[in-house]
Amino acid sequence: MNVTQGIMRSRPGLLALSLLLVGCAVGPDYQPPRPQMPVSWRDLSSTAASKPQSSAIDPSWWRSFNDPQLNSLIDRAIAGNLSLQQAILRIAGAREQLAQARGGLLPAVNGNVSARRQQLGAKGVLEANGAYDQIDEYAPELRSSLDSLTQPINLYQGSFDASWELDLWGKVRRQTEAATAQQQESIESRNDALVSLQAEVARAYLQLRGAQAITRTLQTQIDVAQQTLELTQSQQRNGLAPQLDVENARAQLSSLRAQLPQYQAQARQAMNGLAVLMGKPPGALDSELSAEKALPALPAAVPVGIPSTLARRRPDIRQAEANLHAATANIGVSVAQLFPSLSLTGQLGVRNTDASYLDNWSSHFYSYGPALSIPVFQGGRLVSSVKLTRARQASSALNYRQTVLTALQDVENALVSYRTDQERATQMDETVSALQSSFDLASDSYKKGLSTFLEVLDAQRQLAQAKQQAEQARVQSSLDLVALYKALGGGWENYQNVALPQFNVFGPATPAG
């Protein structure tokens, strides 16, 4: 006995064959990548006050600055940022695409109702075949009956049509797999946007406080220069100093004052940027942020984790992995198109020339059966489609590897910058201390007539520059810490309970304003 015939003769065998066919899915199965990661970070050793450590990263890393206002700003930005809300909508769109893909596993049913008046052209067919000649010769009394059958008729019909394409080769399942991966890609894109948002808020806030700190430093130097100018003017009036010294002191004061606007502009721009990040118009936070506050201090310890956890923590790497998963599943979709497709179709309805008889069972009709479609010749399009999806999958694999390498580079570069900028800030503080002593000595010597006024102005200028550079180094160290935490990819873990919007089928569109 033929094995196939034996299976087809038994219901259990038919069920087993169906399960076997439905369980088949062509194309490669996705294998999660295992990137080669270093054992530890290369630039962990540091003599700075704030040191990186290989401990677990705090998802709420911005709280290490111990600034309640910064914490509040980040919370409000997460709730109100428009770009983040767009990312959430993309997740909702991916969810609907997944629902569409899953719908391919189910039958499609349509209802049809029609009422038509039609002329079938039967009289011409009868005349062409000599039917009227034969009727006239043998049964003339039937001619009127035959004429009535060739008249236009009203045809009323109602039916249900159903079709179901069996997923023999796993095409729909691969489409569902790809849609699931694309949904995960949208989720990781939102997580990446969240990490970037947190970093942008922290960066703008630190730039604001940094600009205010430099402005305060400048203002102190301006006050000192003003006192120097007043002293020099007094000496000039008493004949103890030439007019040249007065003009040099005035030029020094004007030079310091000319530097103020750029830092005032930086502070204003930072406040405008923070407002927009909250989803508010520029200037909305001016009353809250205009009051000067000190630049937050750096934490003593900075947990950075280990490289092996980076691939599971950075959203852009997770997004690249989801993209690779979708590209792998799409290979199976294209391969399945090379094979025959089997569909089950059926139709059940009623049809009559008299509408009052449509509820009579004798007016019913039906049809059902399988339909097999075999791709015989497509001009090479199906094979090219498979090769195209394989090329895209290979590109996604390389993109994943590049994303991992870039992530490692980002962290290492951020560690280097954080260490060196702290060292620079320490050196600048020592420079400020030395220049302060130099300025005090030069001022004292000038008052005693032991040095020239140019030496005082030169010492004052160097001191002002050094103080600004020291503040800038401290600000940059804070910005480096933000860049480090962003490179490490933390900050999204505590914000995964997102309520996706539900859209109505009917109704107005979402307004833009």
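Scroll up for the structure.
Everything numeric in this text was worked out from a predicted model, so none of it was measured. Per chain, the residues get numbers from 1 upward, laid out in the order the sequence is written. In keeping with the predicted nature of the model, local features appear solely for residues at pLDDT of at least 70, side-chain atom pairs appear and are counted solely at 80 or more, and the whole-chain, interface and lining totals rest on all residues. Remark: hydrogens and water are excluded; side-chain values derive from all non-hydrogen atoms of the structure.

Draft legend 1. Representation of the packing of aromatic side chains. Stacked, edge-to-face and tilted labels apply to pairs of Phe, Tyr and Trp rings (six-membered ring for Trp) whose centres lie within 6.5 Å, assigned for plane angles under 30 degrees, over 60, and everything in between, in that order. One pass over the full model with this rule turns up 4 aromatic pairs. For the ring pair W61 and W62, a centre distance of 5.6 Å and an interplane angle of 80° mean the geometry is edge-to-face. Considered together, W61 and W62 belong to a single accessibility category, that of buried residues. Here a set of aromatic residues connected by ring pairs shows up, and it is made of W61, W62 and Y485. The rule is short: NZ of Lys or CZ of Arg within 6 Å of the ring centre and within 35 degrees of the ring normal puts a charge over the ring. The ring of F365 has R351 sitting right over it, with the charged end atom 4.0 Å from the ring centre. In this scheme, a residue with accessible area under 20% of its type's maximum is buried, one over 50% is exposed, and one in between is partly exposed, where area comes from a 1.4 Å probe on protein chains only.

Draft legend 2. Region of interest: the packing of helix α13 (residues 315-336) against helix α14 (residues 381-447). With their axes 9 Å apart at the nearest point, α13 and α14 run at an angle of 170° to one another. By the criterion of interaxial angle, the relationship of α13 to α14 is roughly antiparallel. In terms of crossing hand, the pair formed by α13 and α14 is left-handed. Residue classes in the contact of α13 with α14 are distributed as 11 nonpolar, 10 polar and 4 charged. Note on geometry: axes are C-alpha line fits, over the in-contact stretch for helices, and angles between N-to-C directions span 0 to 180 degrees. Numbered from the N terminus, helices here are DSSP runs of H or I no shorter than four residues, and strands are runs of E no shorter than two. Our angle categories are set so that under 35 degrees counts as roughly parallel, over 145 as roughly antiparallel, 65 to 115 as roughly perpendicular, and the remainder as oblique. A crossing counts as left-handed when the near helix is turned anticlockwise from the far one by less than a right angle, and as right-handed when that turn is clockwise. Think of it as three bins: nonpolar holds Ala, Val, Leu, Ile, Met, Phe, Trp, Tyr, Cys and Pro, charged holds Asp, Glu, Lys and Arg, and polar takes everything else, Gly as well.

Draft legend 3. Seen up close, the sheet that holds strand β6 (residues 364-373). The strand order β2-β3-β5-β6 describes an open sheet built from 4 strands, whose pairing is antiparallel. This sheet does not close on itself; its edge strands, each paired only once, are β2 (108-118) and β6. Within this sheet the neighbouring strands show an average axis-to-axis angle of 20°, counted without direction. As paired strands, strand β3 (residues 153-165) and strand β5 (residues 341-352) are joined by 10 bridges and run antiparallel to one another. Residue D161 lies in a different strand from β5, and its bridge partner there is Q347. What makes two strands pair is DSSP finding at least two bridges between them.

Draft legend 4. Layout of unusual backbone geometry. Residues other than glycine seldom take positive phi values, yet N66 does so here, at roughly 55°. Looking at the secondary structure, you find N66 in the loop between β1 (51-53) and α3 (68-80).

Draft legend 5. Focus on a nonpolar patch on the surface. The grouping of L348, W361, Y366 and Y368 at the surface amounts to a nonpolar patch, some 590 Å² of accessible area in total. Locating W361 in the fold gives a position in the loop between β5 and β6. Exposure above 30% relative accessible area and the absence of a salt bridge qualify a residue for a patch, where like charges join within 9 Å and nonpolar side chains (Val, Leu, Ile, Met, Phe, Trp, Tyr) within 5 Å. Surface accessibility follows the Shrake-Rupley procedure with a 1.4 Å probe radius. Residue values consider only the protein chains on display as shielding. Think of a salt bridge as a Lys or Arg side-chain nitrogen and an Asp or Glu carboxyl oxygen that are within 4 Å of each other.

Draft legend 6. Seen up close, helix α15 (residues 453-488). Here, expected helix span is obtained from the residue count minus one, scaled by 1.5 Å. With 36 residues, α15 ought to run about 52 Å at 1.5 Å a step, and its terminal C-alpha atoms sit 53 Å apart, in line with that. Phi for G489, located one or two positions after α15, is positive at around 80°.

Draft legend 7. The arrangement of the packing of helix α9 (residues 243-258) against α15 in detail. The geometry of α9 relative to α15 is characterised by a closest axis approach of 10 Å and an angle of 5° between their N-to-C directions. One finds that α9 runs roughly parallel with respect to α15. Note on element contacts: α15 touches α9 through F453, L454, L457, Q460, R461 and A464, opposite D245, N248, A249, Q252 and L256. For the contact of α9 with α15, the residue count by class is 6 nonpolar, 3 polar and 2 charged. Two residues form a contact once any of their heavy atoms are found within 4.5 Å.

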